[in-house]
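# Structural overview for review
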Amino acid sequence: MRKLTIFLALLLFTSYQLAAQMQITGTITGAEDGLSIPGVSVIVKNNPSIGTTTDLDGKYSLTVPESAEILIFSFVGMQTQEIPINNQSVIDVKLAAEVLEMDEVIVTGYKTKQKDVISSSVAVIGRETLEELVPSTTIDNMLQGKAAGVDATALNGKPGQNATVKIRGAVSLNTASTDKAQPLYVIDGIFLDEDNLNGLNPNDIETMTVLKDASAAAIYGSRGANGVIVITTKQGKSGVTKINFSARYGIANKTEDPFEMMNTTEKIAYEEAYIETVYGIADYYTEEEEADFQYYEHNWLDDILKPAEIKSYSLSASGGKENTTFFASLGYDQNTGIIEKLNGFERISGRLNLESQLTERLRIGTTTSISHSTSDEPRDRNNVQNPFRAMYDYNSYEPVYRHDTNRELILDINGNPIYNLTAQGFPILEALENNPEVEENNRFIGSIFANYKLIEGLNFETKLAGSYIRYKRESYLQPGSVLDGYVGDPTKPGSKQDNGGDYYDWVSLTKLNYSKSFAEHNFNIVLFNEYSEGGNHTYYLESIGYSSPDLTTQENGAEAKDVNTRRAEYAMWSLAGAADYDYAGKYLASVSVRRDGASRFGADTRYGIFWSGSLGWNIAKESFLSSLD
């Protein structure tokens with residue numbers, strides 16, 4: 001009777017579990033052509049961890065909780081749809097092409113254009129899309145899967161790490177490595193190196209415009225060889241001041257491996273089979289040794305990794321009066337990463353954007369941002385110092401700490417357990433604790449501009465923009481650490497490396513912009529002169545011989561090993577012009593030419609000319625298609 005009761009209880013529990021979930025299937029097709037669409041994202045609203053993508057036939061199958069109410073279907077270039085589940089087991093969806101707002105203005109850097117009269121290839125990611133994305137410490141990671149022809153791939157899982165971005169497979173003019181073929185980033189008219197993107201708060205971004213083809217990017221000359229990403233930050237609007245606060249919190253873990261590691265029993269059997277085959281020795285391990293192996297069995301992934309905590313807080317205020325507007329923000333972001341004993345990435349940022357219409361003809365403005373970030377650095381190399389390799393190389397029967405024959409912990413003179421060297425000869429957890437490496441960045445990015453209306457349709461603008469970055473890195477091998485014992489000086493234990501520098505870039509722009517329309521003909525002409533300078537002053541210090549793990553400054557080193565400083569400066573001067581024409585928004589033409597002169601090239605090859613042209617036909621505005629609305 002008791003067994004029957006238990007069986008019925010299990011049966012009822014299983015039935016409840018089945019009822020708590022339901023499976024939904026369906027097919028996704030295009031609304032215009034009825035063709036199946038592979039790769040469509042299907043997720044549960046407010047629970048993006050539950051999702052799938054359609055297969056080559058546009059079909060999907062998804063198991064969702066009974067509490068799920070809405071499915072979200074999204075695909076690049078198509079309108080996102082939210083469909084209520086309403087206990088449906090089959091949900092077929094027709095996705096329509098994304099509708100363009102004809103009055104939307106696109107910022108392409110040196111000029112703005114109506115979206116429906118652009119004859120070049122561009123992709124725009126707006127504020128609404130950015131706010132829906134999973135928070136990221138770097139803005140380039142937010143491009144993943146959001147723009148056709150743009151490949152954004154995270155290099156690794158390190159918090160604060162930039163992505164590798166390729167626009168239509170662009171290859172750099174300066175290197176044969178496609179990994180370094182990064183696009184040009186322009187933030188409010190400021191040229192920024194991709195390595196410093198993690199200094200920007202993603203919550204401050206208004207739009208990201210990707211200039212994908214030569215016609216769109218040629219106006220940037222030699223700098224635009226790998227494509228251009230133009231980023232604008234948020235501006236205030238006149239009216240009541242609006243206060244906005246957002247807080248996000250998440251947990252991240254390493255993705256599951258597509259394989260299963262051998263347990264201790266399997267590894268011992270494998271090792272003994274190998275030893276017997278190669279060396280002819282049977283039953284290599286004694287029963288006592290095998291018993292110890294079973295006793296110490298554990299999973300190194302649990303010891304080396306941890307769940308990452310992701311925090312993002314943003315406070316902003318925007319508003320202003322009729323003639324003056326402002327946007328101000330403060331942000332805090334942290335990603336602890338998934339490696340034990342490391343604090344990951346942390347950033348504090350602030351921004352102030354102001355704009356004022358001083359007179360009917362004169363408008364001035366400024367954009368400024370500051371940030372401070374720190375990042376713990378794991379040893380990202382393919383050897384025993386890499387924690388992601390160590391957790392697979394170490395044997396499951398090797399303990400983290402050393403034990404005696406009675407399975408008791410062996411302690412040092414301070415009463416702390418001693419790390420086990422393992423068969424690899426290197427305890428990665430000890431290295432993470434005793435060989436810290438930290439990077440620190442302080443960044444200032446800002447611009448000021450003035451725009452003066454000379455006559456109707458003709459505007460003169462001048463802008464001064466720049467960035468200043470102070471970078472610092474400290475790497476310390478504590479005296480007595482295992483790695484110091486391998487690579488250090490036994491007579492002068494411990495070593496310290498400090499390197500860093502000051503990096504600056506500034507650009508001066510003067511520009512004339514003329515726009516004219518008559519009948520249904522529309523013209524726009526831009527002429528500008530641009531001069532930019534940049535440089536850096538870097539240092540490197542290394543010393544050995546430290547009497548205490550707590551004395552980490554260079555002055556405490558017994559002997560200086562290397563001291564050097566370097567300075568570099570460069571400049572570029574450019575003249576450029578661009579013209580756009582359209583007739584009734586139907587027939588489009590654009591042309592641009594730019595001449596760059598750079599100090600980094602020899603006197604005989606210092607200058608280069610870059611030009612482009614494009615034609616377009618907006619067939620949607622033709623009268624013979626009006627009946628298809």
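Residues numbered from 1 in each chain as written. Predicted model: local features only at pLDDT ≥ 70, side-chain atom pairs only at ≥ 80, totals over all residues. Heavy atoms only, no water.

### What to know about the sheet that holds strand β22 (residues 437-455)
- Taken in spatial order, the 12 strands make up an open sheet running β17-β18-β19-β20-β21-β22-β23-β24-β25-β26-β27-β28, and their pairing is antiparallel. Edge positions in the sheet fall to β17 (239-252) and β28 (607-617), since each has one partner strand and no second. Strand after strand, the sheet turns through a mean of 10° between neighbouring axes, direction not considered.
- Looking at chain direction, strand β21 (residues 362-376) and β22 are connected through 15 bridges and run antiparallel. Bridge assignment links Thr368 to a residue of β22, and that residue is Gly446. (Pairing = 2+ DSSP bridges. Helix = DSSP H or I, 4+ residues; strand = E, 2+ residues; numbered from the N terminus. Axes fitted to C-alpha atoms, helices over the stretch in contact; angles between N-to-C directions.)

### Let's talk about the nonpolar core
- Of all hydrophobic cores here, the largest spans 35 residues; its most connected members are Tyr220, Val228 and Ile229.
- Apart from the residues lying within four places of it in its own chain, the contact partners of Val228 are Ile167, Pro183, Leu184, Val186, Thr209, Val210, Leu211, Ala217 and Tyr220. (Core = buried A, V, L, I, M, F, W, Y, C linked by side-chain atoms within 4.5 Å. Buried < 20%, exposed > 50% of the residue type's maximum accessible area, 1.4 Å probe, protein only. Contact = heavy atoms within 4.5 Å.)

### Topic: the packing of aromatic side chains
- A complete count under the given rule lists 17 aromatic pairs for this structure.
- Look at Tyr583 and Tyr587: their rings are 6.2 Å apart centre to centre, the planes differ by 5°, and that puts the pair in the stacked class.
- Among the aromatic side chains, those forming a connected cluster through ring pairs are Tyr110, Phe191, Tyr220 and Phe528.
- Above the face of the Tyr295 ring, Arg407 is positioned so that its terminal group lies 4.3 Å from the ring centre. (Phe/Tyr/Trp six-rings, centres within 6.5 Å; stacked < 30°, edge-to-face > 60°. Lys NZ or Arg CZ within 6 Å of the ring centre and 35° of its normal.)

### A word on the side chain of Glu437
- Within the secondary structure, Glu437 sits in strand β22.
- Of the polar contacts made by the side chain of Glu437, one reaches the side chain of Arg473; its length is 3.1 Å.
- When sequence neighbours within four positions are dropped, the list of residues in contact with Glu437 reads Ser375, Asp376, Glu377, Arg473, Glu474 and Ser475. (Polar contact = N/O pair within 3.5 Å; in protein donor to acceptor, adjacent residues only side chain to side chain.)

### Considerations on the sheet that holds strand β5 (residues 70-74)
- Overall, antiparallel pairing links the four strands, which are arranged β3-β2-β5-β6 in an open sheet. Each end of this open sheet is capped by a strand with a single partner; those strands are β3 (47-53) and β6 (81-84). With strand direction ignored, the average angle separating the axes of adjacent strands in the sheet is 25°.
- Taken together, the four bridges between strand β2 (residues 41-44) and β3 define a ladder with antiparallel strand orientation. Paired with Val42 across the bridge in β3 is Thr52.

### Side note on the pairing of strand β13 (residues 184-187)
- Alternating residues of β13 divide into Leu184 and Val186 and Tyr185 and Ile187, and every residue in both groups is buried.
- Here four bridges tie β13 to strand β16 (residues 228-233), and the two strands are oriented parallel to one another. Directly across from Leu184, in β16, lies its bridge partner Val228.
- The loop that links β13 with its antiparallel partner strand β14 (residues 190-192) comprises two residues; one of these, Asp188, has a positive phi angle of about 50°.

### So, the pairing of β16
- Burial runs high along β16: six of the six residues are buried.
- Alternating residues of β16 divide into Val228, Val230 and Thr232 and Ile229, Ile231 and Thr233, and every residue in both groups is buried.
- In terms of strand pairing, strand β15 (residues 205-211) meets β16 through six bridges, oriented antiparallel. Residue pairing for β16: Leu211 is matched across the bridge by Val228.

### Notes on the packing of helix α4 (residues 264-279) against helix α5 (residues 287-296)
- Orientation of α4 relative to α5, taken along the N-to-C sense of each, is 145°, at an axis distance of 10 Å. The two elements α4 and α5 meet at a crossing, and its hand is right-handed. For the pair α4 and α5, the contacting residues are Thr264, Thr265, Ile268 and Glu272 in the first and Glu290, Phe293 and Gln294 in the second.
- The class makeup of the residues in the contact of α4 with α5 is two nonpolar, three polar and two charged. (Left-handed = near helix turned anticlockwise from the far one by under 90°. Nonpolar A, V, L, I, M, F, W, Y, C, P; charged D, E, K, R; others polar.)

### Concerning α4
- Here α4 contains 16 residues, and its C-alpha end-to-end distance of 22 Å stays within 8% of the 22 Å for a straight helix at 1.5 Å per residue.
- In this structure, the buried residues of α4 make contact with α5.
- Where α4 starts, the residue carrying a side-chain oxygen 3.2 Å from the main-chain nitrogen of Thr265 turns out to be Asn263.
- Gly280 occupies a position one or two residues after α4 and carries a positive phi of about 75°. (Expected span 1.5 Å × (residues − 1).)

### Structural notes on unusual backbone geometry
- Backbone geometry at Arg407 places phi at a positive 65°, although glycine is not the residue there.
- Tracing the backbone through its elements, the reader meets Arg407 in the loop between α7 (387-393) and α8 (428-434).

### Considering the pattern of salt bridges
- According to the stated counting rule, one finds 20 salt bridges in the structure shown.
- Here Glu433 makes a salt bridge to Lys341, at a shortest N to O gap of 3.3 Å. Of this pair, Glu433 sits in helix α8 while Lys341 sits in the loop between β19 (324-335) and β20 (345-357), and the two are 92 residues apart along the sequence.
- With relative accessibility at 38%, the residue Lys341 sits in the partly exposed group. (Salt bridge = Lys/Arg side-chain N within 4 Å of Asp/Glu carboxyl O.)

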